[in-house]
There are 4 protein chains.
Amino acid sequence: MAGNSFGTLFNLTTFGESHGPAVGGVIDGCPSGLEVNFNAIQHELNRRRPGQSAIVTQRKEPDEVQFLSGIFEGKTTGAPIGFMVQNTNQKSGDYDHIKDAYRPSHADYTYDKKYGFRDYRGGGRSSARETISRVVAGAIAKQILPGITINAFVSSVGDIFIDKPYQALDFSLIESNDVRCPDSTTAEKMEAYIKEIRKQGDTVGGTVTCVIKGVPVGLGEPAFDKLHAELGKAMLSINAVKGFEYGSGFCGAKMKGSEHNDLFNTDGTTKSNLSGGIQGGISNGMDIYFRVAFKPVATIMQEQETIDKQGNIVKMQGRGRHDPCVVPRAVPIVEAMAAIVLADFYLINKSYTK
Amino acid sequence: MAGNSFGTLFNLTTFGESHGPAVGGVIDGCPSGLEVNFNAIQHELNRRRPGQSAIVTQRKEPDEVQFLSGIFEGKTTGAPIGFMVQNTNQKSGDYDHIKDAYRPSHADYTYDKKYGFRDYRGGGRSSARETISRVVAGAIAKQILPGITINAFVSSVGDIFIDKPYQALDFSLIESNDVRCPDSTTAEKMEAYIKEIRKQGDTVGGTVTCVIKGVPVGLGEPAFDKLHAELGKAMLSINAVKGFEYGSGFCGAKMKGSEHNDLFNTDGTTKSNLSGGIQGGISNGMDIYFRVAFKPVATIMQEQETIDKQGNIVKMQGRGRHDPCVVPRAVPIVEAMAAIVLADFYLINKSYTK
Amino acid sequence: MAGNSFGTLFNLTTFGESHGPAVGGVIDGCPSGLEVNFNAIQHELNRRRPGQSAIVTQRKEPDEVQFLSGIFEGKTTGAPIGFMVQNTNQKSGDYDHIKDAYRPSHADYTYDKKYGFRDYRGGGRSSARETISRVVAGAIAKQILPGITINAFVSSVGDIFIDKPYQALDFSLIESNDVRCPDSTTAEKMEAYIKEIRKQGDTVGGTVTCVIKGVPVGLGEPAFDKLHAELGKAMLSINAVKGFEYGSGFCGAKMKGSEHNDLFNTDGTTKSNLSGGIQGGISNGMDIYFRVAFKPVATIMQEQETIDKQGNIVKMQGRGRHDPCVVPRAVPIVEAMAAIVLADFYLINKSYTK
Amino acid sequence: MAGNSFGTLFNLTTFGESHGPAVGGVIDGCPSGLEVNFNAIQHELNRRRPGQSAIVTQRKEPDEVQFLSGIFEGKTTGAPIGFMVQNTNQKSGDYDHIKDAYRPSHADYTYDKKYGFRDYRGGGRSSARETISRVVAGAIAKQILPGITINAFVSSVGDIFIDKPYQALDFSLIESNDVRCPDSTTAEKMEAYIKEIRKQGDTVGGTVTCVIKGVPVGLGEPAFDKLHAELGKAMLSINAVKGFEYGSGFCGAKMKGSEHNDLFNTDGTTKSNLSGGIQGGISNGMDIYFRVAFKPVATIMQEQETIDKQGNIVKMQGRGRHDPCVVPRAVPIVEAMAAIVLADFYLINKSYTK
């Protein structure tokens with residue numbers, strides 16, 4: 001395996017390049033008998049889809065998923081679920097300028113060196129279109145997690161951030177604006193900033209925060225496969241991610257034990273939750289929350305100098321359709337990966353308990 | 001598997017509890033013919049060992065590793081390397097007070113709920129003694145990585161941090177002070193602060209930065225098993241870790257693309273390195289660097305209220321031997337896990353190339 | 001994972017049901033830069049395809065493979081190779097009679113009990129159409145194995161068997177008759193027998209022998225993943241297989257050590273080869289050969305009594321298109337699985353050697 | 001990983017060489033709360049141990065297992081179970097004659113070629129002492145399988161075989177004779193034959209049959225990880241095994257469908273059981289039975305010609321302590337591997353069901 005599979009019992013394998021015939025995947029290990037909510041799956045794909053608003057890329061594709069196996073009369077059969085989304089709106093001509101040149105801070109150079117050559121059209125395998133398959137699998141994973149809700153939202157764009165704890169936010173507002181920020185004042189600022197950045201032909205980074213409620217006590221394995229370690233790997237495997245922290249995160253590293261410890265209530269819940277819902281790698285029943293850092297999109301509409309395969313300096317300017325800020329569209333991807341991780345641990349945990 | 005194994009081709013399985021007969025592990029997949037440098041392994045164990053200085057726990061154990069297999073006449077044979085370190089200095093009586101009570105922000109509660117009961121002595125499996133096995137495997141992994149150097153150091157303790165880029169530091173000074181900080185002025189402040197914290201019966205968090213030089217282009221797999229995703233998982237699997245960032249990390253999320261992009265030199269190296277040596281999940285030959293956040297040790301020498309199994313409120317105060325600040329001893333563990341990740345990708349990469 | 005993946009480095013995941021939209025798979029870990037011989041792949045699919053001769057099922061489907069990813073300008077890119085073959089000639093109506101009834105010696109009963117219900121059309125996931133994906137992957141695996149030739153053939157049908165050692169056979173004759181038996185006299189007898197069996201509305205079992213030449217010394221891992229153990233698992237995972245033996249096999253169990261030992265020539269080859277080319281789980285450079293037993297197809301055109309879901313006795317007679325003898329079509333599947341196993345060990349072995 | 005691990009959820013990793021300090025392993029994934037029956041474990045080790053009777057090797061070692069982790073106050077904790085058995089009775093001097101020479105039909109040559117050198121003492125990693133770890137894990141696996149009984153026995157030695165179906169045998173007699181054959185008349189013949197073979201300085205092969213009762217419907221995964229495919233791999237991974245068949249096996253390949261089909265009773269059981277308790281890779285609730293072929297031990301006490309590392313012809317005669325026939329001691333190993341396979345599928349199956 002070359003790293004295109006994720007999960008032990010609930011396992012996703014993805015395939016597909018940006019400008020090939022299709023992207024897709026296989027979900028192996030989905031329990032049988034689940035009445036599949038297809039609308040919910042398409043809803044998640046629509047959230048991820050480009051071209052939805054003025055602040056994201058204008059590549060418009062329907063991104064309709066086609067299931068090839070594993071579902072019969074609307075229910076999962078226990079067989080592997082093969083699926084694909086056809087690539088219909090490729091403008092490969094947009095990419096001729098990078099056929100021989102390496103875009104700065106893209107995977108062009110490393111792919112060429114690792115594999116000897118690359119499918120350069122639209123980034124090929126390194127394109128964020130690969131995340132379509134994650135969103136499909138995540139939408140199914142959500143459906144097997146009883147009573148668990150997963151909400152991600154944009155918590156910062158550039159220097160603009162939500163200045164409130166997540167408990168003060170109304171998650172029903174996440175989808176009320178293009179930037180997917182549940183705090184409307186902050187959302188407006190973010191949106192204005194992204195538009196300005198776009199005008200400059202530039203891009204900007206941001207963070208996504210994710211809050212998971214209703215996780216039963218006991219998910220996660222204590223040594224290498226700690227719940228937060230798998231969540232971290234899952235998030236870091238999303239394109240453009242530079243960091244992951246959960247609970248108190250990097251702030252926790254500045255604190256004292258006497259401040260940081262979460263004292264117990266008599267029912268086993270805790271008075272505070274700097275732990276982020278996980279102790280020793282195992283969920284403790286409190287909210288799980290974490291934050292993911294995304295770098296600015298590397299493709300900018302400004303001229304940059306770079307090199308070609310022969311090491312010659314060439315000038316390059318972004319073409320094609322690109323997001324000025326990736327975080328709004330990253331929200332459903334973060335949720336999807338979280339759902340996949342939880343579904344996997346949920347199944348593993350069932351196997352060990354009576 | 002319940003998460004006690006790590007790695008695809010260079011694979012470590014660990015076992016052992018703090019107060020059981022031994023901790024140890026099995027390394028499967030170490031190439032044959034390696035002349036094992038046993039001193040280097042013991043040296044790493046000594047760095048991790050408690051009782052080395054005034055600022056760490058005083059539990060003194062020789063932590064001598066005993067190899068049980070896989071090495072013949074000083075060389076690896078290609079067979080699995082079984083090893084163990086006996087637990088010789090347990091004071092299990094120190095832990096009677098937690099037999100029925102749950103220490104705040106420890107794994108006591110989650111283990112009890114997940115497994116039905118727990119080996120409470122010294123934290124059992126959740127003890128940081130488990131990391132001994134990682135240090136052994138990491139020390140061997142280092143020996144199969146040609147021309148790669150891995151240096152971790154303490155970059156912050158509480159609010160005190162090194163105010164310089166890593167390029168300005170002299171890594172040969174890391175071991176020159178108890179806190180493992182290569183900037184001696186900062187190290188002194190850290191040390192003073194830790195001693196003060198200890199006097200208060202309190203603990204404090206910190207961060208470890210790791211810099212890896214000499215990594216060839218091409219390590220890492222592009223989708224789920226991105227090089228930084230595996231590094232992130234590896235770090236997050238270390239006890240007490242709350243966050244991981246590489247390259248520009250969380251700061252990168254505030255930047256613009258025009259600032260963040262690493263422009264190429266004609267030889268394929270880059271002028272800046274905000275990418276942290278990884279593009280699209282694959283090493284690009286530049287320095288890899290990342291930062292790991294550790295929370296303050298949960299066991300404090302102050303009285304805290306907590307609950308017992310029956311949900312009764314009980315008072316508790318830390319006993320036994322505990323670190324006021326875990327980061328100095330975490331340094332060799334961070335290096336070990338980085339070495340294991342790199343060794344694994346190094347072997348995987350060999351299999352695909354001509 | 002629920003067992004739909006095979007292989008460590010060269011990994012195949014399959015999906016698809018007999019009467020769903022498509023069968024297909026994902027190959028993860030195929031090295032980059034391979035010029036894909038598409039004709040060779042289609043050739044193998046044609047060998048497996050039904051409707052080729054008077055002695056196999058008359059279901060006629062073109063079985064054309066469509067590649068969805070991982071290949072660019074005719075060469076593998078190192079990205080996962082997604083592929084599918086559409087199901088075009090389903091006659092699902094043929095299967096209404098088994099919707100509620102369990103065919104004897106089929107998987108109907110066990111699927112229903114394990115999963116709660118099943119896709120009954122054409123056997124659903126348990127159909128031999130699943131092997132299409134194996135044949136595609138095997139045809140690619142063959143292309144990455146330098147200098148290795150894999151030849152399988154029908155060595156027995158019912159009581160009729162080839163009465164010669166494989167060394168006396170001309171493998172170029174395998175495809176010269178419908179039964180895929182390289183000994184023409186025996187082939188004629190087999191063919192006549194299969195036609196007779198078909199007239200009776202009955203079916204018959206048989207064996208396939210496989211000979212692999214040119215395997216370098218060193219493939220296979222010595223403990224659980226012995227080369228012959230993986231070959232055995234691969235063969236036993238093919239529908240209808242009841243047994244596997246390699247080298248001297250079950251006959252070897254009757255022999256004395258003084259008869260069975262393969263004495264060395266001075267160049268490391270052996271004078272005899274009762275070992276079947278494998279010592280201690282590792283290839284020794286001699287021919288690898290093994291034999292696979294297939295039971296008679298369970299669907300017969302005679303009336304049988306069976307039960308329905310409620311436990312009522314019902315009468316049933318095979319309908320649809322079925323093989324009177326499965327072994328001729330099993331030949332390319334056996335070769336495919338052998339190629340996948342060898343490709344995997346070939347890549348693993350590369351990772352450990354200098 | 002280099003093939004020293006087995007199992008997905010109930011996972012065993014083994015280590016150790018014949019003449020190193022110890023053999024042992026790690027069981028990862030054993031459910032918590034199991035009251036470990038230590039006597040039952042030692043009992044299985046004693047059955048495997050050499051030196052028990054006149055017909056097996058006289059190497060006498062206590063083979064006492066020492067548990068290093070994962071068990072607390074007599075119960076499994078859910079943590080990995082590390083264990084070892086010290087090697088106490090090595091006579092390494094016995095092996096000086098093979099330091100540079102390759103024993104025919106042993107792994108000496110393939111190890112040397114694969115790894116560059118080898119631990120030649122007692123066969124090193126290729127020694128059957130590795131199976132000690134399997135027996136320990138199998139004895140624990142048996143304890144988590146409710147209501148399942150596993151009985152293996154010697155069904156043939158050379159040309160002497162039990163001429164009865166297993167249903168006619170009394171398994172309580174298996175341990176009543178040294179050869180572990182439940183049919184006493186046949187057992188006597190086998191024993192006499194083995195003694196005669198030993199006098200000749202020769203060895204002989206045989207078969208072990210295994211019968212598993214009480215398996216619930218539903219264990220096994222339908223595509224690659226069929227229940228019988230994993231059982232087959234498990235058996236073929238035991239030293240000296242040349243073949244595996246289950247249910248009708250190789251005989252089934254001679255039969256017609258009308259003879260071979262197992263017709264149902266109204267309760268879902270079947271009138272016959274040529275299927276061997278497995279349909280479509282999934283247990284159907286009937287007895288599972290299979291047969292394993294073992295070649296004659298390669299080390300004989302007669303002079304043989306062989307070659308040394310330099311390709312020179314040398315004469316060699318077996319020294320040390322060796323079994324004239326391996327099958328009696330293989331009986332507990334076959335049972336152990338069967339138990340490990342079943343425990344793994346039992347846990348996997350739990351994860352998918354409600």
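Residues numbered from 1 in each chain as written. Chains lettered and ligands numbered in written order. Predicted model: local features only at pLDDT ≥ 70, side-chain atom pairs only at ≥ 80, totals over all residues. Heavy atoms only, no water.

What follows concerns the overall build of chain A. Helix and strand content of chain A: eight helices and 17 strands. Taken over C-alpha atoms, the radius of gyration comes to 21 Å for chain A, in line with the 20 Å a tight globule of 354 residues would show. If you line up chain A on its principal axes, its C-alpha atoms span 65 × 50 × 35 Å. Looking at chain A as a whole, 69% of its 354 residues qualify as buried. A separation of at least 24 residues holds for 71% of the contacts in chain A among residues at least 6 apart in sequence. Accessible area of chain A: about 10800 Å², with a carbon and sulfur share of 48%. (Helix = DSSP H or I, 4+ residues; strand = E, 2+ residues; numbered from the N terminus. Rg over C-alpha atoms; globule rule 2.2 N^0.38 Å. Buried < 20%, exposed > 50% of the residue type's maximum accessible area, 1.4 Å probe, protein only. Contact = heavy atoms within 4.5 Å. Areas by Shrake-Rupley, 256 points an atom, 1.4 Å probe, with all protein chains shown as cover.)

Turning our attention to the sheet that holds strand β17 (residues 313-317) of chain B. Residues and elements named next belong to chain B. An order of β8-β16-β17 is seen for the three strands of this open sheet, with the pairing classed as antiparallel. Whereas interior strands pair on both sides, the edge strands pair on one side only; in this sheet they are β8 (101-102) and β17. Summarising the sheet, β8 and strand β16 (residues 303-308) pair through two bridges and their orientation is antiparallel. Within β16, the position partnered with Tyr102 by the bridge is Ile307. (Pairing = 2+ DSSP bridges.)

Moving on: the pairing of strand β7 (residues 81-86) of chain A. Two faces, one strand: in a regular strand the side chains alternate between the faces of the sheet. Residue and element names in this part refer to chain A. Of all six residues that make up β7, five are buried, and the element is covered over most of its length. Alignment of strand β3 (residues 22-28) against β7, held across six bridges, turns out to be antiparallel. Bridge pairing links Gly24 to Met84 in β7. Pairing of strand β4 (residues 65-67) with β7, which is carried by three bridges, proceeds in the antiparallel orientation. Note on β7: the bridge partner recorded for Val65 is Val85.

Now for the interface of chain B and chain A. The interface of chain B with chain A comprises 103 residues on the first partner and 104 residues on the second. For the pair chain B and chain A, the summed buried area comes to about 7700 Å², and 59% of that belongs to carbon and sulfur atoms. Residue Lys233 of chain B pairs with Glu230 of chain A through a salt bridge whose shortest N-O separation is 2.6 Å. Across the chain B-chain A interface, the total number found is 45 residue pairs in polar contact (both at pLDDT 80 or more). Pairing of strand β12 (residues 241-246) of chain A with strand β12 (residues 241-246) of chain B, which is carried by three bridges, proceeds in the antiparallel orientation. Residue pairing in the sheet places Glu245 of chain A in a bridge with Gly243 of chain B of β12 of chain B. (Buried area = accessible area lost by both parts, 1.4 Å probe. Salt bridge = Lys/Arg side-chain N within 4 Å of Asp/Glu carboxyl O. Polar contact = N/O pair within 3.5 Å; in protein donor to acceptor, adjacent residues only side chain to side chain.)

Overlaying chain D with chain B gives an RMSD of 0.0 Å, the required rotation being 180° about an axis along which the chain moves by 0.0 Å. Both copies are brought into coincidence by an operation consistent with a two-fold rotation axis. Comparing interface residues between copies, 100% of those in chain D also lie at the interface in chain B; the contact surface is shared. (Least-squares fit on C-alpha atoms with pLDDT ≥ 70 in both.)

At the junction of the two partners, chain D supplies 42 residues and chain B supplies 42 residues. Buried surface at the junction of chain D and chain B, summed over both partners, amounts to about 3300 Å²; 65% is from carbon and sulfur atoms. When the buried surface of chain D facing chain B is broken down by residue, Met1, Phe72 and Phe117 of chain D rank first, second and third, together holding 22% of it. Along the contact surface separating chain D from chain B lie zero salt bridges. In this assembly, chain D and chain B are joined by eight residue pairs in polar contact (both at pLDDT 80 or more). Those elements that place two or more of their residues in the side of chain D that touches chain B are β2 (11-16), β3 (22-28), β6 (75-76) and β7 (81-86) of chain D. In the side of chain D that touches chain B, the residues fall into 17 nonpolar, 18 polar and seven charged. (Nonpolar A, V, L, I, M, F, W, Y, C, P; charged D, E, K, R; others polar.)

Below, the discussion takes up the packing of helix α5 (residues 227-236) of chain C against helix α8 (residues 327-352) of chain C. Residues and elements named next belong to chain C. Contact geometry of α5 with α8 gives a least axis separation of 9 Å together with a crossing angle of 145°. Where α5 crosses over α8, the handedness of that crossing is right-handed. On α8, the residues touching Leu227, Glu230, Leu231, Ala234 and Met235 of α5 are Val334, Met337, Ala338, Val341, Leu342 and Phe345. Split into classes, the residues belonging to the contact of α5 with α8 amount to ten nonpolar, no polar and one charged. (Axes fitted to C-alpha atoms, helices over the stretch in contact; angles between N-to-C directions. Left-handed = near helix turned anticlockwise from the far one by under 90°.)

What follows covers the UniProt feature "binding site: NADP(+)" (unreviewed entry) in chain A. All names here are of chain A. UniProt records the feature "binding site: NADP(+)" (unreviewed entry) at Arg48, using the numbering of this structure. For Arg48, the location among the structural elements is in helix α1 (residues 38-48). If sequence neighbours within four positions are ignored, Arg48 has contacts with Asp63, Ala128, Arg129, Thr131, Ile132, Val135, Arg329, Pro332 and Ile333. (UniProt positions renumbered as here; feature names shortened; annotations may be inferred.)

A separate point is helix α4 (residues 184-199) of chain A. All names here are of chain A. The terminal C-alpha atoms of α4 lie 23 Å apart, and with 16 residues this matches the ideal 22 Å at 1.5 Å per residue to within 8%. Taken as a whole, α4 has its buried residues at Thr186, Ala187, Met190, Glu191, Tyr193, Ile194 and Ile197. Along the long axis of α4, the arc covered by the buried residues comes to 165°, so they all point the same way. Looking at α4, the residues exposed on the side facing more than 90 degrees away from the buried face are Thr185, Glu188, Lys189 and Lys199. (Expected span 1.5 Å × (residues − 1). Arc of directions from axis to C-beta.)

So, on to the sheet that holds strand β15 (residues 288-294) of chain B. Taken in spatial order, the ten strands make up an open sheet running β10(A)-β9(A)-β11(A)-β15(A)-β12(A)-β12(B)-β15(B)-β11(B)-β9(B)-β10(B), and their pairing is antiparallel. The strands lining the two open edges of the sheet, one partner per strand, are β10 (160-161) of chain A together with β10 (160-161) of chain B. Where strand β9 (residues 149-157) of chain B lies against strand β11 (residues 206-213) of chain B, eight bridges are found, and the strand directions are antiparallel. By the bridge assignment, Ile150 of chain B is partnered in β11 of chain B with Ile212 of chain B. Seen against the sheet, helix α8 (residues 327-352) of chain A touches β9 (149-157), β11 (206-213) and β15 (288-294) of chain A and runs at an angle of roughly 145° to β9 of chain A.

Here we take up the pairing of strand β17 (residues 313-317) of chain C. All names here are of chain C. Here strand β16 (residues 303-308) pairs with β17 via five bridges, running antiparallel. Of the residues in β17, the one forming a bridge with Glu305 is Lys315. Between β16 and β17, which pair antiparallel one after the other, the connecting turn spans four residues, and Gly311 there sits at a positive phi close to 85°.

To continue, consider the UniProt feature "binding site: FMN" (unreviewed entry) in chain A. Within the UniProt annotation, "binding site: FMN" (unreviewed entry) is assigned to Arg125, Ser126, Ser127, Asn239, Ala240, Gly280, Lys295, Pro296, Val297, Ala298, Thr299 and Arg321 of chain A. The class for Ala240 of chain A is partly exposed, based on a relative accessible area of 26%. Beyond its immediate chain neighbours, meaning those up to four positions away, Ala240 of chain A contacts Ala293, Phe294 and Lys295 of chain A. Exposure remark for Ala298 of chain A: the relative accessible area of 5% places this residue in the buried category. Discounting chain neighbours no more than four positions away, the residues touching Ala298 of chain A are Pro104, Ser105, His106 and Gln304 of chain A together with Asn261 of chain B.

Attention now moves to the nonpolar core. Core analysis: the biggest nonpolar cluster contains 359 residues, and Phe290 of chain A, Phe290 of chain B, Phe290 of chain C together with Phe290 of chain D have the highest contact counts within it. Once residues lying within four places of it in the same chain are set aside, the contact partners of Phe290 of chain D are Val208, Thr209, Cys210, Ile212, Leu231, Met235, Phe244, Glu245, Tyr246, Val334 and Ala338 of chain D. (Core = buried A, V, L, I, M, F, W, Y, C linked by side-chain atoms within 4.5 Å.)

Bringing the packing of aromatic side chains into the picture now. In total, this model carries 46 aromatic pairs over all chains according to the counting rule given. Centroid distance Tyr111 of chain A to Tyr115 of chain A: 5.5 Å. Interplanar angle 65°. Geometry classified as edge-to-face. Taken together, the residues Tyr111 of chain A and Tyr115 of chain A, both in helix α2 (residues 108-115) and four residues apart, mark about one turn of the helix. The two residues Tyr111 of chain A and Tyr115 of chain A agree in class, both being buried. One aromatic cluster is present, formed by Phe38, Phe67 and Phe83 of chain A through successive ring pairs. Positioned above the aromatic ring of Phe117 of chain D is the side chain of Lys75 of chain B, whose terminal nitrogen or guanidinium carbon lies 4.6 Å from the ring centre. (Phe/Tyr/Trp six-rings, centres within 6.5 Å; stacked < 30°, edge-to-face > 60°. Lys NZ or Arg CZ within 6 Å of the ring centre and 35° of its normal.)

Our focus in this paragraph is the packing of α1 of chain A against helix α3 (residues 131-143) of chain A. Residue and element names in this part refer to chain A. With their axes 9 Å apart at the nearest point, α1 and α3 run at an angle of 140° to one another. For the element pair α1 and α3, the recorded crossing hand is right-handed. Residues Ala40, Ile41, Glu44, Leu45 and Arg48 of α1 pack against Thr131, Ile132, Val135, Val136, Ala139, Ile140, Lys142 and Gln143 of α3. Counted by class, the contact of α1 with α3 contains eight nonpolar, two polar and three charged residues.

This part takes up unusual backbone geometry. Glycine aside, residues mostly have negative phi, and peptide bonds are mostly found in the trans state. The backbone of Ala240 of chain A sits at a positive phi, close to 80°, despite the residue not being glycine. Tracing the backbone shows Ala240 of chain A in the loop between α5 (227-236) and β12. Notably, Glu73 of chain D is not glycine yet its phi reads approximately 50°, a positive angle.

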